[in-house]
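Structure at a glance
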Amino acid sequence: MENSRPHKVDIHYCTGCRWLLRSAWMAQELLTTFEDEIGELTLHPGSGGIFEVHVNGERIWSRKEMGGFPEITRLKQLVRDRVSPDRSLGHSDRNTSNT
């Protein structure tokens, strides 16, 4: 049976920094918003202050490189751009920042 939701999201987070709750909340937000597009979302415990989000193997956010955590609206835009580029995110698209 072919998976109708082929996209995979991975969230890598630091256990020492206690970022599990933040990661789980972001995972819930993404799964709720993209319930028809995401077929798999995995949380990966790590160390060293890691917080990264990958879509289909492509890193779309790195806390170290981007200087912090994404706002949830920004993260949804980044995921949307990879899993459903033509989709509107409604109010989340109103205040887009420069990429």
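Here, the structure is the one placed above.
Residues numbered from 1 in each chain as written. Predicted model: local features only at pLDDT ≥ 70, side-chain atom pairs only at ≥ 80, totals over all residues. Heavy atoms only, no water.

Further remarks concern the overall build of the protein. Of regular secondary structure, the protein possesses 3 helices and 4 strands. Of the regular secondary structure in the protein, the N- to C-terminal order runs β-α-β-β-β-α-α. Taken across its 99 residues, the protein has 39% of its residues classed as buried. Of the contacts made within the protein by residues no fewer than 6 positions apart, 63% connect residues no fewer than 24 positions apart. For the protein, the computed accessible surface area is about 6100 Å², with 46% contributed by carbon and sulfur atoms. (Helix = DSSP H or I, 4+ residues; strand = E, 2+ residues; numbered from the N terminus. Buried < 20%, exposed > 50% of the residue type's maximum accessible area, 1.4 Å probe, protein only. Contact = heavy atoms within 4.5 Å. Areas by Shrake-Rupley, 256 points an atom, 1.4 Å probe, with all protein chains shown as cover.)

The sheet built from 4 strands is open, its strands ordered β2-β1-β3-β4 with mixed pairing. Because the sheet does not close on itself, it has two edges, and the strands there are β2 (38–46) and β4 (58–62). Between one strand axis and the next, the sheet turns by 20 degrees as a mean value, whatever way the strands run. Alignment of strand β1 (residues 7–14) against strand β3 (residues 51–55), held across 5 bridges, turns out to be antiparallel. Its bridge partner being in β3, His12 is matched across the sheet by Glu52. (Pairing = 2+ DSSP bridges. Axes fitted to C-alpha atoms, helices over the stretch in contact; angles between N-to-C directions.)

Taken as a whole, this structure holds 8 salt bridges when the rule is applied. Arg82 is the salt-bridge partner of Glu58, the closest N and O atoms lying 3.3 Å from each other. Pair noted here: Glu58 is in strand β4 and Arg82 is in helix α3 (residues 72–83), with a separation of 24 residues, a long-range link. Salt-bridge contacts for Arg59 lead to Glu65; the nearest nitrogen and oxygen are separated by 2.7 Å. (Salt bridge = Lys/Arg side-chain N within 4 Å of Asp/Glu carboxyl O.)

In the sheet, β1 pairs with β2 via 8 bridges, with the strands oriented parallel. Bridged to Asp10 within β2 is Thr42. A crossover connection joins β1 to the parallel β2 through helix α1 (residues 20–33); in handedness this β-α-β unit is right-handed. (Right-handed = clockwise from strand over helix to strand, strands pointing away.)

We now examine the side chain of Glu37. One can find Glu37 in the loop between α1 and β2. A polar atom in the side chain of Glu37 sits 3.1 Å from the side chain of Arg87. (Polar contact = N/O pair within 3.5 Å; in protein donor to acceptor, adjacent residues only side chain to side chain.)

A few words now on the packing of α1 against α3. Close contact between α1 and α3 brings their axes to 11 Å; oriented N to C, the two are set at 50 degrees. When the interaxial angle is binned, α1 and α3 end up oblique. In the packing of α1 onto α3, the handedness of the crossing is right-handed. Residues Trp25, Met26, Glu29, Leu30 and Thr33 of α1 form the contact with α3, whose participating residues are Ile72, Leu75, Lys76 and Val79. The residue inventory of the contact of α1 with α3, partitioned by class, reads 6 nonpolar, 1 polar and 2 charged. (Parallel < 35°, antiparallel > 145°, perpendicular 65-115°, else oblique. Left-handed = near helix turned anticlockwise from the far one by under 90°. Nonpolar A, V, L, I, M, F, W, Y, C, P; charged D, E, K, R; others polar.)

Shape descriptors only; they carry no functional weight alone.
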